[in-house]
Amino acid sequence: MNQGDKLKLGINIDHVATLRQQRRGKEPDPVLAALLAETAGADSIVCHLREDRRHIQEQDLSNLRRNIKTKLNLEMAASPRIIKIACQEKPDWVTLVPEKRSELTTEGGLAVKEQVNRLKDVVSEFKKFKIPVSLFIDADTSQIKAAVKTGAEIVELHTGRYADAVTEKEKSFELKKIIAGSRIAKNLGLKVAAGHGLDYRNVLPITRIPEIEELNIGYSIIGRALFVGLEEAVREMIRLIR
Ligand code: PXP
């Protein structure tokens, strides 16, 4: 982040759809959640169209595309069927994530160095539609260098291990990796975002990393929204991170 620029906040609204899908009903509506998050100051809306459609549905994606006024960041696996949907809906950018049906949430970063050529093709496909690509990766130098080779413009560094660290020593070790990874990515010309597992208690050290331009947060904010309302939950996070 350049000095003076504000740290951006993307709100992931998947869990609003998770609750709705519990009854396969109409409420709560992720689009309404996105609009309230925007009113409260969110810079972008994030949703993950999973292959198993456990929360966000294709109709939600179109509704979000048509209704939100900020930016739409679509998280997705690099699978042909989802790529086709993404190119039709044209989010402002896509974030490629690894996806496993058995996982509760995205567990690790994308294995970029193991599939540089394949990801290069995916990035070029998106370039035809003028859709920038972000890769969700661990803060690992070899993965960051591989990300550059794919032609992706953005990396989102996985903060899950930092968030899950139990001891202070472990936390500080994971934080140092994110600090170093952010610096390397920025020096290699990538835009840097971060996310996963960030909450009101652990976010501050991440906000002090100058290379990080944007944080993507879902679970903690949607959970807090049950008690204080979504707008207030978003505002509280904005107050903390800026
Ligand atoms: N960024 C990415 C790439 C993710 O997959 C997720 C989870 O969907 C998040 C950010 C947000 O994580 P959380 O819900 O733990 O805040």
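Our subject is the structure listed above.
What comes next is a walk through the structure. (Residues numbered from 1 in each chain as written. Predicted model: local features only at pLDDT ≥ 70, side-chain atom pairs only at ≥ 80, totals over all residues. Heavy atoms only, no water.)

Description of the side chain of Gln 21
- Following the sequence through the fold, Gln 21 ends up in helix H1 (residues 14-21).
- Gln 21 has contacts with Arg 54, His 55 and Gln 57, leaving out every residue within four places of it along the chain. (Helix = DSSP H or I, 4+ residues; strand = E, 2+ residues; numbered from the N terminus. Contact = heavy atoms within 4.5 Å.)

Some thoughts on the packing of aromatic side chains
- Going through the model one piece at a time under the given rule, you end up with 0 aromatic pairs.
- A cation sits over an aromatic face here: Arg 224 above Tyr 200, 5.9 Å from the ring centre. (Phe/Tyr/Trp six-rings, centres within 6.5 Å; stacked < 30°, edge-to-face > 60°. Lys NZ or Arg CZ within 6 Å of the ring centre and 35° of its normal.)

Here we look at the pattern of salt bridges
- Counted under the stated rule, the structure contains 12 salt bridges.
- With a shortest N-O distance of 2.7 Å, Asp 60 and Arg 20 are connected by a salt bridge. You can see Asp 60 sitting in helix H3 (residues 58-67) and its partner Arg 20 sitting in helix H1, a full 40 residues away along the chain.
- The exposure class of Asp 60 is buried, given its relative accessible area of 5%.
- Arg 235 serves as the salt-bridge partner of Glu 231, at 3.3 Å between the closest nitrogen and oxygen. Taken together, the positions of Glu 231 and Arg 235, both in helix H11 (residues 230-241) and 4 residues apart, correspond to about one turn of that helix.
- Look at Glu 231 and you get partly exposed, because its relative accessible area is 25%.
- Since its relative accessible area comes to 32%, Arg 235 is described here as partly exposed. (Salt bridge = Lys/Arg side-chain N within 4 Å of Asp/Glu carboxyl O. Buried < 20%, exposed > 50% of the residue type's maximum accessible area, 1.4 Å probe, protein only.)

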